[in-house]
Every structure is written in structure tokens, then in C-alpha cells.
Amino acid sequence: MPFASVYPLVTARAVAREFTYEVDEGVGVGAIVRVPFGRSRARGIVTAIVDAAPPGVDARPIESVIGEIPPTLVELALWLADYYGSTPARALALVAPESPKRRKEQAPPAERQSLSGEAEPLELSPPQIAAVERIVNGQGNYLLYGATGSGKTEVYLQAIASMLERGFGAIVLVPEIALAPQTVGRVRARFGENVAILHSGLTDAERRDERERIASGEARIVVGARSAIFAPVRGLGLIVVDEEHDPSYKQDSDPRYDARTVAAKRAALEGAVAVYGSATPRPETWAALEHLDLGGRLGADLPPVRVIDLRREAGYPLSAPLLNELRKVAEHRGKAILLLNRRGLAPALHCRACGTTIRCPNCDVALVLHGDVSLRCHHCGYTTDSPSNCPACGSPDLARLGAGTQKLERELARELPELELIRLDADAVAKPEQLALALQRFRETDGVVLLGTQMVAKGHHFSGVELAAVIDADTGLGMPDFRAEERTFQLITQLAGRSGRDAPGRVLVQTFQPDARPIAHAARHDVGRFLTEELERRKALDYPPYAHLVRIVVSGPELEPVVRALEELKAGITGAELLGPAALLRLRGKHRAQLVAKTEHPRRIASQAARLLSAAAPAMRKAKLTAVVDVDPQSL
Ligand code: ADP
Ligand code: ZN
Ligand code: ZN
């Protein structure tokens with residue numbers, strides 16, 4: 001009888017290793033098995049077949065084989081565990097998620113919130129033809145770069161069709177299914193039952209059914225968010241990463257993988273092609289990948305962008321020029337999209353008498369006023385009634401600083417009562433169905449404003465949007481993150497792309513910093529110039545893509561031991577430039593600090609850190625400290 005190395009899918013780091021079991025002839029790598037484990041049983045994955053058990057090991061037989069995944073996914077998971085400093089068990093659980101047993105026959109998942117497709121164009125543009133040609137005959141990774149409306153989605157669809165003809169499958173990643181109903185709708189309209197959709201709104205049973213349709217080969221195309229990169233497609237020919245700049249591709253819990261990096265690895269393992277599409281690519285992608293450039297919009301120009309200098313215009317959040325444009329929209333019964341990347345009524349309550357800003361008791365941030373009655377912490381969810389007097393000095397003179405989406409909604413209702421308002425933020429739309437309804441309503445209504453947080457700037461395509469405006473382009477610029485400028489540039493450019501896809505559109509950007517680089521370049525739609533300069537800056541500072549970052553965050557009840565633990569870690573890490581320890585905002589009552597390593601060898605640094613942390617584990621437990629190691633973090 002042959003033997004198999006099996007990774008039990010248990011979370012404890014203490015048993016994070018392979019165990020040897022006896023298996024029947026024919027069981028191979030990728031088999032999902034049930035095994036006796038200690039005094040109980042566990043689910044496990046076969047990672048290798050061996051002739052003999054290691055000396056001194058009395059291998060027990062497995063109980064049963066309960067499923068299988070393609071062997072390349074085992075290899076992918078083991079690589080992921082190593083690269084991101086997680087355990088193989090946690091990584092293997094991504095590629096072999098537990099699925100509920102089938103109880104009874106079920107109807108297939110209800111028709112998803114996907115919108116109808118569009119007819120296939122009669123002919124592709126020359127750059128589209130060149131891009132499809134390169135993708136289907138090429139190898140490796142490509143950047144598909146083109147403004148919104150330049151025909152990127154059509155290139156994905158044609159490349160998928162050609163892969164299908166050759167017998168290959170495809171995975172299409174989108175940042176968030178609910179925000180990409182058109183993309184999903186177009187893939188489904190073109191390929192019908194050949195498409196499986198994986199998203200967080202599915203029940204466990206629905207997800208199992210979709211996974212089975214994929215595994216059996218019934219569905220050759222998978223559309224989904226981040227975790228769809230692990231879909232058990234066999235004979236994978238193409239991976240599409242749509243809106244590749246979107247930060248949601250990075251998972252922010254263990255394993256902290258980046259689906260874009262995993263996509264490149266999976267493509268390399270399977271000899272597939274990976275295509276990263278965006279109108280505003282990341283500097284990392286721009287620098288590293290071959291560009292397939294679609295150029296500007298098909299059949300239309302990008303709309304002119306007017307920058308409104310808020311140092312010279314009163315009326316924030318609605319300046320006079322913006323009100324003027326909105327009045328025109330009201331007259332034409334047209335549509336407008338307004339972006340304000342801040343929820344609530346006012347981002348802070350401030351006492352004019354003593355200068356106190358009301359803060360969260362658990363976190364070092366101001367509480368945000370919601371409605372007129374409650375104060376909420378956007379980090380920990382702490383909620384309290386809004387006081388009528390200053391809690392520090394008792395003065396009734398409390399000022400509401402700044403504006404959030406609720407305030408914008410009020411001002412719009414007062415100034416332009418003839419316009420219908422649809423607010424889109426995490427408070428207004430808690431569920432994907434509500435989001436789909438709101439978007440549908442916007443599509444079907446005339447004389448309407450869609451206002452909200454960055455959700456309004458994501459990939460929706462609406463016809464007849466004559467005005468798009470950024471209420472406050474500066475909200476993200478003050479963030480202490482080297483990606484702050486990149487994010488601001490992407491947000492403004494993406495929003496500008498929502499306007500004038502058919503109607504002649506106008507774009508307004510309100511800012512106190514009209515000369516700031518991301519704002520000035522976004523106003524000229526100058527993506528190439530922005531990225532060239534951004535890459536120069538990154539190079540000078542040795543930031544990605546010129547180095548990898550590894551971020552180590554320690555948190556605990558007091559700041560001093562947190563910093564001390566990081567100092568000790570710092571002393572033990574070699575071969576990287578180390579920044580910090582720097583104190584971070586206190587969150588949920590925990591003091592936190594971080595150490596950031598700049599390195600060419602992130603795995604080496606991450607594994608050094610993991611070793612040092614596990615050596616320090618007993619002391620850290622005693623001091624109630626916890627640590628997180630994040631390889632290639634997307635925010636600092
Ligand atoms: P993107 O994904 O870059 O935003 P799309 O693929 O959605 O661009 O194309 C924008 C619009 O142009 C869509 O309505 C699409 O159906 C249409 N379109 C795409 N390619 C062509 C083409 N070659 N000829 C005519 N219309 C096209
Ligand atoms: Zn006061
Ligand atoms: Zn809080």
C-alpha cells in the first residue's frame with residue numbers, strides 16, 4: 001500500500017505539519033481525505049504520495065476520500081502559505097473550503113443581480129484586435145490599459161471565447177460582485193450556462209453547487225471576487241483581473257494574500273495567461289507588465305475636467321459653480337454623480353469654547369455625527385448619543401466640522417428639491433440587493449443625483465450621466481500612506497470616467513489643493529504622466545515596486561510593551577531596511593505600533609519575523625500582545 005503526506009486542515013499552528021497515512025492505490029495529490037487525528041478526526045489534503053512512511057512512524061490508514069482538487073491548487077496553496085507567512089492548513093482551506101453535505105435537490109441559485117448583456121460589436125477596433133491576438137497567443141502577464149469605455153471588457157470576452165474554443169477555462173476576477181453587475185451580466189449574456197458565479201451573497205449550498213459545476217467542467221468560466229482565484233477550474237487558460245487597481249484584491253485577515261499576486265503565480269503554474277485591466281493601473285503593474293494599450297474611449301472623448309479652487313469659492317460642500325451645473329442637470333432632467341468619500345453628517349464635533357474634539361473612548365479618532373442624534377466610531381462601531389453640551393467644559397457651543405454624505409444629501413435637498421437623490425454608502429445600502437436596487441433606480445430615473453462614497457466611482461456604466469463631481473478631492477490626500485496620492489488619482493479619474501459615456505459630460509473637482517499632483521494630472525486625464533512621476537518618487541524612496549514591504553504590527557493594552565516588543569524584533573531582523581517602530585492610532589482599546597521592512601526578499605523577512613515571534617510567544621502572551629505580519633501590505 002502506498003503512503004500519503006496529508007495536511008490536516010486544523011488552525012492550530014502547533015500541529016502545522018504533514019502527517020503520513022496509508023492510502024489505497026490511485027489516491028493522488030489533491031485528494032481531500034478524512035483521517036483519524038489524535039483522538040478525533042480531521043479533514044485533510046494529500047500533498048504528496050510516498051513509498052514508505054518515515055522511519056519510526058506507524059502510519060494509520062485514512063478513513064475515506066471525500067473529494068479532490070486539482071494538484072496545481074495544492075502547489076499554489078503551499079506557495080501562498082510560505083510567501084504570506086501563513087500556515088499550509090489555512091492556505092489549503094482556501095483552495096478546499098469545507099462545503100455542506102447535499103440534503104435535497106435544490107433549484108439553482110436565483111437569477112443573480114446581474115444586468116442584461118450587450119450585443120457583440122460587429123467588429124473590434126485595431127487595438128482591440130491586437131490585444132486579443134497577444135493575449136490568446138501569448139504567455140505570462142499583460143496590462144490591458146484603456147480609459148473607461150475603451151473596450152476592455154469586450155477584449156476579455158473575445159479572449160475568453162477563443163480560449164474556450166481551444167478547450168481552456170477562464171477565471172474573471174472583479175473587485176466586488178455587487179459593484180460589477182454589468183461585467184457579470186455581460187459575461188453571462190455571452191457564455192450563458194458555461195459561467196459559474198462565486199460571491200459572498202451565495203448560501204453555502206449555492207456555493208457548493210457552483211463549485212461542483214466548475215469541478216465537473218460543466219461551467220468553464222468563473223466570475224467572482226478575490227477568492228474565485230482558487231476556483232477548481234481544470235485546464236485554465238486565462239485569468240482576467242478587472243479593475244486591477246482595486247485594493248479589495250488584498251485580503252486583510254490571515255492568510256493576507258493578494259489575489260493579483262496569486263493570479264500571476266497560478267497562471268505561471270498552469271501555463272495560463274493573466275490579464276490585468278484598468279483605466280488607472282497601479283504603478284507596480286505599469287512598471288512590470290507589457291502594456292496592451294487600447295487608448296481613449298470608443299467613439300467619444302473623455303469629458304473636460306474643471307478644478308474648483310475651494311480657497312476661492314464659498315458654499316462647501318456645494319460651491320457656486322457646482323450648484324450652477326446641478327441646476328442645468330435639473331433643467332434637462334439629466335443625471336449627475338457626486339462623490340464624497342466620507343459617511344455621516346459631520347466628520348467631527350468640536351467645542352468652540354475649549355477646543356475639544358469628541359473622540360472615541362476606544363480609538364484615537366473623532367466620532368462621526370450621524371443623523372442629528374448619534375455619534376459613531378467608524379473603526380470600532382462605538383455609538384453614543386450626540387451631547388448637547390461639551391463633555392469637557394459644558395459649553396453648548398458645539399460646531400459640526402466638515403461634511404459627510406448625509407450633509408451633502410441635506411444641502412442638495414434644500415438647494416435643488418426638484419432633483420431625486422439616491423445615496424450610496426455603507427449606511428444607506430447594507431446589502432447587495434439594496435445596492436442593486438439603488439443602481440437600477442438611478443438608471444431608470446431622470447432628474448436624479450447619485451451621491452455617495454467611493455462606491456459611486458466603481459465600475460458602473462450608466463448612460464446619460466452629464467455631470468460627475470468630486471465634492472472634496474482632498475479627503476484621501478492627508479492619509480499617512482505612500483499610496484495616498486495613487487488612491488486619490490485613481491478615485492478622481494475613475495469618477496470622471498462615469499460621465500459622458502454617451503451624453504457630452506462635464507466633470508468638476510472641488511479641492512483646497514488644486515496644484516497637488518494627483519489632482520492636476522487627473523484633471524488632464526494624464527495617467528501616463530502621473531504614473532511616470534509616481535514611479536520616480538517611489539524609486540527615490542525605495543517603495544514598491546522597487547522594494548517589497550513587510551509590515552509587522554503589534555498591539556496590546558499598553559503602548560510601552562508594544563514598542564519594546566517591536567524594538568526586540570527589529571534587533572533580530574537582518575537584511576532589510578527597517579522603519580519604526582512607529583506608534584499607530586489606538587484602535588478598539590488596543591495600543592498599536594508598526595515596524596516596516598523594505599526588502600527584496602519578503603519571504604525571508606517574513607519567516608525571520610515569524611521565527612522571532614514564535615520564540616517570543618510565551619512572553620507576548622503574558623503581556624497580552626498580539627502580532628500580525630503582512631507581506632506586501634496595501635495600506636500602512
Ligand atoms: P471598458 O470595459 O473599457 O469600459 P467596454 O468593453 O465596456 O469598455 O466598451 C464600452 C462600450 O463600447 C460598450 O458599450 C461596448 O459594448 C462597446 N464596444 C466595445 N467594443 C466595441 C467595438 N469594437 N465596436 C463598437 N462598440 C464597442
Ligand atoms: Zn468644551
Ligand atoms: Zn472606536
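Our structure's up above, just so we're on the same page.
Scoring rules and cut-offs
- Residues numbered from 1 in each chain as written.
- Chains lettered and ligands numbered in written order.
- Predicted model: local features only at pLDDT ≥ 70, side-chain atom pairs only at ≥ 80, totals over all residues.
- Heavy atoms only, no water.
- Axes fitted to C-alpha atoms, helices over the stretch in contact; angles between N-to-C directions.
- Helix = DSSP H or I, 4+ residues; strand = E, 2+ residues; numbered from the N terminus.
- Parallel < 35°, antiparallel > 145°, perpendicular 65-115°, else oblique.
- Left-handed = near helix turned anticlockwise from the far one by under 90°.
- Contact = heavy atoms within 4.5 Å.
- Nonpolar A, V, L, I, M, F, W, Y, C, P; charged D, E, K, R; others polar.
- Pairing = 2+ DSSP bridges.
- Core = buried A, V, L, I, M, F, W, Y, C linked by side-chain atoms within 4.5 Å.
- Buried < 20%, exposed > 50% of the residue type's maximum accessible area, 1.4 Å probe, protein only.
- Donors = N, O, S within 2.8 Å, 3.2 Å for Na, K, Ca; no water.
- Salt bridge = Lys/Arg side-chain N within 4 Å of Asp/Glu carboxyl O.
- Tetrahedral: all angles 85-135°; square planar, octahedral: opposite > 155°, others 65-115°.

**Re the packing of helix H1 (residues 71-83) against helix H7 (residues 259-270)**
With their axes 10 Å apart at the nearest point, H1 and H7 run at an angle of 140 degrees to one another. By the angle between their directions, the pair H1 and H7 is classed as oblique. Handedness of the crossing formed by H1 with H7: right-handed. Here Thr 72, Leu 73, Glu 75, Leu 76, Trp 79 and Leu 80 of H1 come into contact with H7, specifically with Thr 261, Val 262, Lys 265, Arg 266, Leu 269 and Glu 270. Classifying every residue of the contact of H1 with H7 by side-chain character gives six nonpolar, two polar and four charged.

**Some thoughts on the sheet that holds strand E5 (residues 60-61)**
Read from one edge to the other, the open sheet built from six strands follows the order E5-E2-E1-E4-E3-E6, with strand pairing classed as mixed. Among the strands making up the open sheet, the edge pair consists of E5 and strand E6 (64-68). Pairing analysis gives two bridges linking strand E2 (residues 19-22) to E5, with the strands arranged parallel. In the strand pairing of E5, Tyr 21 is matched with Arg 60. Set on the sheet, helix H2 (residues 88-95) makes contact with strand E1 (3-8) and strand E4 (40-50); between it and E1 the angle comes to about 90 degrees.

**Examining the nonpolar core**
If you look at the biggest cluster of nonpolar residues, it comprises 105 residues, and the most contacted ones within it are Leu 80, Phe 230, Val 262 and Leu 424. Here this core gets eight residues from one element, more than from any other, and that element is H1. In terms of nonpolar packing, the next biggest core, distinct from the first, is built from 31 residues, Leu 124, Leu 144, Phe 191 and Val 195 among them.

**What about the coordination of the zinc ion (ligand 2)?**
Here the zinc ion (ligand 2) is held by Cys 351 (SG), Cys 354 (SG), Cys 390 (SG) and Cys 393 (SG), and the distances to it run 2.3 to 2.4 Å. Going along the chain, you hit the donors of the zinc ion (ligand 2) in the pattern C-x2-C-x35-C-x2-C. Looking at Cys 393, the relative accessible area reads 39%, which means it is partly exposed.

**Topic: the pattern of salt bridges**
As enumerated under the stated definition, the model contains 46 salt bridges in all. Here Asp 364 ties to Arg 586 by a salt bridge, and the two come within 3.4 Å at their closest N and O atoms. Of the two residues, Asp 364 is situated in the loop between strand E16 (348-351) and strand E17 (368-370) and Arg 586 in the loop between strand E26 (577-583) and strand E27 (591-599); the sequence distance between them amounts to 222 residues. What makes Arg 586 buried here is its relative accessible area of 17%.

**Quick word on the coordination of the zinc ion (ligand 3)**
Every protein donor of the zinc ion (ligand 3) is listed here as Cys 360 (SG), Cys 363 (SG), Cys 377 (SG) and Cys 380 (SG), and their distances to the metal cover 2.3 to 2.4 Å. Bound by four donor atoms, the zinc ion (ligand 3) shows angles of 106 to 113 degrees at the metal and therefore tetrahedral coordination geometry. Each donor residue of the zinc ion (ligand 3) belongs to the same chain, with the gaps between them written as C-x2-C-x13-C-x2-C. You can call Cys 377 buried: its relative accessible area is 4%.

**Observations regarding unusual backbone geometry**
Here the bond from Asp 254 into Pro 255 is cis, since omega is -5 degrees, no more than 30 degrees from zero. Note on placement: Pro 255 falls in the loop between strand E11 (236-241) and H7. The omega torsion of the bond from Pro 544 to Pro 545 falls at 5 degrees, within 30 degrees of zero and hence cis. A positive phi angle, near 55 degrees, is found at Arg 333, a position not held by glycine.

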